[in-house]
Structure formats: structure tokens, C-alpha cells
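If you want the building blocks of each chain, they are given just below.
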Amino acid sequence: SSCKGIEFRTRGGGNGKRFKAVLRDSTEFNGICWTSSFDAPKGAKGGTVRLPFAKMIPTIFAKTVEGKTLLKENVVGFQLAYSKFEYDGGLNPKFELGDFSLQVLEIRAY
């Protein structure tokens, strides 16, 4: 695949909270999750988030995994998560209990 990453547009609601974007290149139930943390654009207008494949971190249950290669031509799933945890036991410094929202207007590869 000639694609270099995932891009999506948001509108309001994220308020700078840190989310995770997760790709899967396998249908294995507990397989590798290719993860990238990002801070949601602030303000009512929202913004565009670009996540390069080359910077995605291979994880299983938020623990990093070494020696894996993302199969870009076999992406089978995409999800957004708001998690208390970052990677390897670290905490999300922008996590808060309570309601949150993130409006996604468009998702595409670039």
C-alpha cells in the first residue's frame, strides 16, 4: 500500500483530551493493536488529526511488543479509545473521569 497513515477530522467535544487510535492488521481476537496516542483538537471547530503508520506502536493490552511490522495492506479494523492508560503501565496525563465526546466527521488513509 502506498498510504502513509490515517487522517480524520473532528468537530468539537474532544477538548484536548488524549485518545488512542488503534489499527488491527489481523482478525486474531487478542492480536497486535497498532496504537497511536493523540490530543484531540480543542474548540468547537475541531481539526484534523494525522497519524503516520511509521509511528504507530505495536501493543497487546497496552503493553508494547517488539519486532513486529504493520501489514498496511491488511488493515481490518480501526477504533478510537479514551483510556486511563498509555503504554507499559503509564497513565494518560489528560484522563478525567466523567462524560466525554469526540465527533468524528471523516476518516481516511493518506
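Each chain carries its own residue numbering, running from 1 in the written order of its sequence. With the structure being a predicted model, the display of local features is reserved for residues of pLDDT at least 70 and the display and counting of side-chain atom pairs for 80 or more, all residues being used for whole-chain, interface and lining totals. Side-chain measures here rest on the full set of heavy atoms in the structure, leaving out hydrogens and waters.

> I'd like a description of the packing of aromatic side chains, backed by residues and values.
We call Phe, Tyr and Trp rings a pair once their centres come within 6.5 Å, taking the six-membered ring for Trp, and we label the pair stacked below 30 degrees between planes, edge-to-face above 60, and tilted otherwise. Inspection of the entire model under this criterion finds seven aromatic pairs. Summarising the aromatic geometry, the rings of Phe19 and Phe38 are spaced 6.0 Å apart at their centres and angled 20° between planes, so their arrangement reads as stacked. With Phe19 in strand 2 (residues 18–24) and Phe38 in strand 3 (residues 33–39), this residue pair connects regions lying 19 residues apart in the sequence. Take Phe19 and Phe38: they sit in the same class, and that class is buried. Ring centres of Tyr82 and Phe100 lie 4.4 Å apart, and the angle between their planes is 50°; this geometry places the pair in the tilted category. With Tyr82 in the loop between strand 7 (77–81) and strand 8 (103–109) and Phe100 in the loop between strand 7 and strand 8, the pair connects residues that are 18 residues apart, well separated along the chain. For Tyr82, a relative accessible area of 14% puts it in the buried group. Each residue is assigned to one of three classes by its accessible area relative to the maximum for its type, calculated with a 1.4 Å probe on protein chains only: buried under 20%, partly exposed between the two thresholds, exposed over 50%. Taking relative accessible area as the criterion, Phe100 reaches 44% and is therefore assigned partly exposed. Taken together, Phe8, Phe19, Phe38, Phe78, Tyr82, Phe95 and Phe100 form an aromatic cluster joined through their ring pairs. Over the aromatic face of Tyr87 sits the side chain of Lys20, whose NZ or CZ is 5.1 Å from the ring centroid. In DSSP terms, a helix is any run of H or I states spanning at least four residues, a strand is any run of E spanning at least two, and both are numbered starting from the N terminus. Both a distance and an angle decide whether a charge sits over a ring: NZ of Lys or CZ of Arg must be within 6 Å of the ring centre and within 35 degrees of the ring normal.

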